[in-house]
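Summary of structural features
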Amino acid sequence: MTFAEDLGGTWTLQADPPVPALVPGCVHTDLMAAGRLEDPFFDDNEKSVAWVGRTDWAYQRDIAWTGMPPERLDLVFEGLDTVADIDLDGTPVGSTRNMHRTYRFDVTGRVDATPRPLTVRFTSAYTEAERLRAELGERPNAYPEPFNFIRKMACSFGWDWGPTLVTAGIWRPVRLEGWSVARLAAVRPLATWDAAGGHLDLTVEVERAASGEGRELRARVLLDGREITVADPDARVTIDLPDIERWSPRGYGDQPLYDLTVVLLTADGLELDRWQRRTGFRGAAIDLAGDGFVIHVNGEPVPAKGVNWIPDDIFPSRMTRARYELRLREAAAIGVNLIRVWGGGIYEDRAFYELCDELGLMVWQDFLFACACYPEEEPLRSEVVAEARDNVTRLAVHPSLITWCGNNENLWLFADARHGEQSWGEGFYLETLPAIVAELDPSRPYQAGSPWSGSWEHEPNDTEHRTHHSWEVWNREDYLNYRNTTPRFVAEFGWQAPPAWTTLRDAVSDEPMTPTSPGVLHHQKAEDGNGKLARGLAPHFGEPASTEAWHYLTQLNQVRAVATGIEHWRSYWPHTGGTIVWQLNDLWPVTSWAAIDGAGRYKPLYFALRELYAQRALTIQPRDGALVVAVLNDQPGEWTGDLLIERRDTAGALLSTATERVSVPGRSVILVPAGSGDLVVARLDDARALWFEDVTSDDAELTVEVETVPGGLDVHVRAAGLARDILLQGDRVHPSAVVDRGFVTLLPGESTTFAVRAPVELDAALVKAPWVLTDLASVLRG
């Protein structure tokens, strides 16, 4: 059998004086826990702690092996960040240069029952990256940091939504692992499904100790009550399972998962090692016909309703299964069916992918290259290959993983580099990585990059060819210009807004706090970010009268921008195969494109996505000088009913109605003419859509009643007139309060209820405090 001893827990960080350290962890979190480092999220403390990333560090603890001596004893690090030299009792064990892979070192005969010091010395990531940059030559980069010269989480060097906090530490588990005869070095199950049922393509790699050389071994595979004996455990085995249930993405069926166990045995039945995971069976493909991009799972086209995922913490060692579950369930709750793991972050923890398996969330996994030219020479080439092989093998078991992608934006932003003499990463994306995927995981489609048009015959970000990133809007254009394009698939787009009021207020000490006060500006990392926010507001609302108005209006503009894009592109299904909003989450308190801010609070965009990604929805769209109602049906069954179209005046008074019987086949869209008007309303069952043509509401005469209920407050709001974009900000009632909806528009005579919930008793009177509950007309009046 294989035996393991966890080496996590308390270590010592060698500082002056030494500091207790927690493993897994990192230097920043250990120093903060010891009171030796200011909170880097507050004000501009990020600058004052920059020295940490340019300092060399060392972790130390004593280790011993008190059990029976195995034939082999390995020291296994699942994650070292990043440039490390390991020694045991003063003697070198090995070195590492890659945050994104597992390292295993043979320490047989060097560890026994006598405690001996194990030391892991970290060289500053800057030192290593700058050394390689000088050796290999400068490469173009979207940011002034050398992240493209080291295999480390790129965004720890800063991004246009993140701080520069360059970490070091033992960021994933470490253990001693003892084994004899042989062990399972790798298990790679590819579980697929087609019309004939399920198929398990199983590859096992065995490492042998001296006594295992030439010895007959076998493997036992346990799956869904079946037991299969494999005479040669090093052979690739295919097992057909005609009665297996298929795994489906959210909205397309259930997510059955099966325990899969592989046991390595001697010929006489002695168990040597065991590997166990859960897997699911499904077919995954991308239909590229006509230069389109439509995801297919189990032979069915699936409109992608996606969000881009960045690391949820700038210190990823702080992530827990509970936190992953919270964030992924939040995504699932608003209709998301796809998570894109962006290429400037990390290959996430096993818990992330297991939860996506359980929740039916498809995963698009970028290889970790983003926004830069990457050298293809040694020593980086060998690290890239080892990293890719490690992670393809590690993640292959997960049915949620439906596509590999070579990089984020590199083929697009740096296309001119292919005409130069330096290597820049093209060989990785077009040759090395697809070859590794074809060898190790042919069950999933590989795409060279995002965006990518399929070949150099077209500009990489061409809207008419495969994937597209829509950033002219936001950077230079108004969001109404989303309607000028119909990309085949929108893998990135978005619009900024500040975080929740309390999140921003807690992050800065500015008095007064304004959009341009020092702390607020430090928590805006995008180039000319506040200028773009202001230019985005100007054609729609003018200049805000106060900081509170700025906060409200930028939140509203974010919602309107993203809604404009999603509704327009959804109405073009299947020509447009889906959208992936930039971005779901933040990793610190910042003005950004996120729907959930860095404190875990929901922006109004979060709730808007719940409506925008609904399986059945209506949207009113301009087409050829008139309006149409797009009836969107992503459910399998037909959607039949009476579509009601209302025309109203600028005050919301009803002018006329028309009814049309509609029947929308499953997984499809139909367009119904809606004429024109200042205010048009469409209704079908519980779905509603509104179209405003330069309509600004006056005083809506809101009536507000607050009811104390178990767990919080119910706030009942009724409008006598047209009330646009009513918002209740729960965090202004109490920092822990959560509200159940974002912006709400009420027509004359309509009402709604905001449910405000908190783990503490709430003061009902605070609902009437300034800026807790407001609407657009009130804000514009100043």
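It should be noted that the structure appears before, not after, this text.
Since the structure is predicted, the reported quantities are computational estimates derived from the model, not experimental observations. (Residues numbered from 1 in each chain as written. Predicted model: local features only at pLDDT ≥ 70, side-chain atom pairs only at ≥ 80, totals over all residues. Heavy atoms only, no water.)

1. A word on the overall build of the protein chain
- Each helix and strand counted, the protein chain has 15 helices and 44 strands in total.
- For a compact globule of 782 residues, the expected C-alpha radius of gyration is about 28 Å, and the protein chain comes in at 28 Å, within 12% of that figure.
- When the backbone C-alpha atoms are referred to their principal axes, the protein chain occupies close to 90 × 65 × 60 Å.
- Here the protein chain holds 782 residues, and 59% of them are scored as buried.
- Within the protein chain, counting contacts between residues at least 6 apart in sequence, those at least 24 apart form 69% of the total.
- Considering the protein chain, the positive charge centre built from 73 side chains and the negative charge centre built from 115 side chains are found 2 Å apart. (Helix = DSSP H or I, 4+ residues; strand = E, 2+ residues; numbered from the N terminus. Rg over C-alpha atoms; globule rule 2.2 N^0.38 Å. Buried < 20%, exposed > 50% of the residue type's maximum accessible area, 1.4 Å probe, protein only. Contact = heavy atoms within 4.5 Å. Lys, Arg positive; Asp, Glu negative; His and termini not counted. Charge placed at Lys NZ, Arg CZ, Asp CG, Glu CD.)

2. Digging into the state of the cysteines
- Tallied over the full model, the rule gives zero disulfides.
- In this structure C356 is not part of a disulfide, and its nearest cysteine sulfur, from C405, lies 17 Å away.
- We note that C371 lacks a disulfide partner, and the nearest cysteine sulfur, in C155, lies 11 Å from it. (Disulfide = S-S within 2.5 Å.)

3. What about the packing of aromatic side chains?
- Applying the stated criterion to the full structure yields 39 aromatic pairs.
- Ring plane angle 85° and centroid distance 5.9 Å describe the contact between Y59 and F122, whose orientation is recorded as edge-to-face. With Y59 in strand β4 (residues 57-63) and F122 in strand β9 (residues 116-123), the pair connects residues that are 63 residues apart, well separated along the chain.
- Its relative accessible area of 0% is what places Y59 among the buried residues.
- The interplanar angle of 65° and the centroid separation of 5.0 Å between the aromatic rings of Y482 and W569 together place this pair among those described as edge-to-face. Of the two residues, Y482 is situated in the loop between α9 (472-475) and β29 (489-492) and W569 in helix α13 (residues 547-570); the sequence distance between them amounts to 87 residues. Neither residue differs from the other here; Y482 and W569 are each classed as buried.
- By the ring-pair criterion, three or more aromatic residues cluster together here, those being Y143, F147, W159, W161, W342 and W582.
- The ring of Y126 carries the charged tip of R54 above its face, separated from the ring centre by 3.7 Å.
- Here the basic side chain of R183 rests over the ring of W179, its NZ or CZ set 5.9 Å away from the ring centre. (Phe/Tyr/Trp six-rings, centres within 6.5 Å; stacked < 30°, edge-to-face > 60°. Lys NZ or Arg CZ within 6 Å of the ring centre and 35° of its normal.)

4. Notes on the pairing of strand β20 (residues 284-287)
- Here β20 shows a clear split, with A284 and I286 buried on one side and none of A285 and D287 buried on the other.
- Two elements, β20 and strand β21 (residues 294-297), share four bridges in a ladder whose sense is antiparallel. Residue pairing across strands places A285 opposite H296, the latter belonging to β21.
- In this structure, the hairpin formed by β20 and β21 is closed by a connection of six residues, where G290 is found at a positive phi of approximately 65°. (Pairing = 2+ DSSP bridges.)

5. Here's the deal with the pattern of salt bridges
- A full pass over the atoms with the stated rule returns 56 salt bridges.
- The residue R321 makes a salt bridge to E354 at a minimum N-O spacing of 2.8 Å. You can see R321 sitting in helix α4 (residues 321-333) and its partner E354 sitting in helix α5 (residues 350-359), a full 33 residues away along the chain.
- Look at R321 and you get partly exposed, because its relative accessible area is 36%. (Salt bridge = Lys/Arg side-chain N within 4 Å of Asp/Glu carboxyl O.)

6. Looking at the nonpolar core
- Among the nonpolar cores identified, the biggest contains 175 residues, and W11, L75, I170, F352 and L609 are the most heavily contacted of them.
- No other element matches the 11 residues that α13 contributes to this core.
- Other than its neighbours up to four places away in sequence, W11 contacts V19, P20, A21, V23, Y59, Q60, R61, L118, V120, I170 and V174.
- The next biggest cluster of nonpolar side chains, apart from the first, holds 26 residues, and it includes V187, L202, V230 and V262. (Core = buried A, V, L, I, M, F, W, Y, C linked by side-chain atoms within 4.5 Å.)

7. Concerning the sheet that holds strand β31 (residues 616-623)
- In spatial order, the strands read β31-β32-β35; together these three strands make up an open sheet with antiparallel pairing. Strands at the two margins of the open sheet, each flanked by one partner only, are β31 and β35 (668-675). The average undirected angle you get between the axes of adjacent strands in this sheet is 25°.
- Of the pairings in the sheet, the one linking β31 to strand β32 (residues 626-633) comprises eight bridges and is antiparallel in character. The partner of P622 across the bridge, within β32, is L627.
- Sheet contacts for α13: β31, β32 and β35; angle to β31, the most-contacted strand, approximately 90°. (Axes fitted to C-alpha atoms, helices over the stretch in contact; angles between N-to-C directions.)

8. Overview of the environment of D254
- Structurally, D254 can be placed in the loop between β17 (237-241) and β18 (258-266).
- Separated by 106 residues in the primary sequence, D254 and G360 place their C-alpha atoms 7.7 Å from one another.
- With near-sequence residues (within four places) excluded, D254 lies in contact with R246, W247 and S248.

9. A closer look at the pairing of strand β13 (residues 182-194)
- In terms of strand pairing, β13 meets strand β14 (residues 197-208) through 12 bridges, oriented antiparallel. Within the sheet, the bridge partner assigned to A182 lies in β14 and is R208.
- If you look at the hairpin formed by β13 and β14, you'll find two residues sitting between the two strands.

10. Focus on helix α12 (residues 529-541)
- The first and last C-alpha atoms of α12 sit 18 Å apart over 13 residues, in line with the 18 Å expected at 1.5 Å per residue.
- Lining the buried residues of α12 we find α9, α11 (518-522), α13 and α15 (776-781). (Expected span 1.5 Å × (residues − 1).)

11. Remarks on the side chain of T554
- By the element assignment, T554 lies in helix α13.
- Reaching out from T554, the side chain makes a polar contact with the backbone oxygen of H551 at a distance of 3.1 Å.
- Beyond its immediate sequence surroundings of up to four residues, T554 is in contact with Q496, A497, P498, L533 and L537. (Polar contact = N/O pair within 3.5 Å; in protein donor to acceptor, adjacent residues only side chain to side chain.)

12. Examining the sheet that holds strand β16 (residues 226-230)
- If you walk across this open sheet you meet the four strands as β16-β15-β18-β19, and the pairing is antiparallel. The open sheet has two free edges, formed respectively by β16 and β19 (271-279), since each of these has just one partner strand. Averaged over neighbouring strand pairs, the angle between their axes works out to 15° when direction is ignored.
- Judged from the five bridges that link them, strand β15 (residues 217-223) and β16 form a sheet pairing that is antiparallel. For R220, the partnering residue across the bridge sits in β16 and is T229.

13. Considerations on the environment of T10
- Relative to the assigned elements, T10 resides in strand β2 (residues 9-13).
- Through-space distance from the C-alpha of T10 to that of V23 is 6.4 Å; in sequence the pair is 13 residues apart.
- Leaving out residues up to four positions away in the same chain, T10 has contacts with A21 and R61.

14. Brief notes about unusual backbone geometry
- A cis amide bond links E511 with the next residue in sequence, P512, at an omega value of 0°.
- Inspection of the secondary structure assignment puts P512 in the loop between α10 (501-507) and α11.
- Here the amide bond leading from W582 into Q583 is cis, since omega sits at 10°, within 30 degrees of zero.
- Tracing the chain through its elements places Q583 in the loop between β30 (578-581) and α14 (604-612).

15. Side note on the environment of V680
- On the secondary structure map, V680 appears in strand β36 (residues 679-684).
- The class for V680 is buried, based on a relative accessible area of 0%.
- Those residues in contact with V680, other than ones at most four positions away along the chain, are I620, L627, I645, E646, A689, L690 and W691.

16. Some thoughts on the packing of α4 against α5
- At their nearest, the axes of α4 and α5 sit 9 Å apart, and the two run at 40° to each other. Considering their axes alone, α4 and α5 lie oblique with respect to each other. Considering how the two elements wind past one another, α4 and α5 form a crossing that is right-handed. Where α4 approaches α5, its residues R321, Y324, E325, L328 and R329 are matched on the opposing element by A351, F352, E354, L355, C356, E358 and L359.
- A per-class count over the contact of α4 with α5 returns seven nonpolar, no polar and five charged. (Parallel < 35°, antiparallel > 145°, perpendicular 65-115°, else oblique. Left-handed = near helix turned anticlockwise from the far one by under 90°. Nonpolar A, V, L, I, M, F, W, Y, C, P; charged D, E, K, R; others polar.)

The quantities given are spatial measurements derived from coordinates; they are silent on function.
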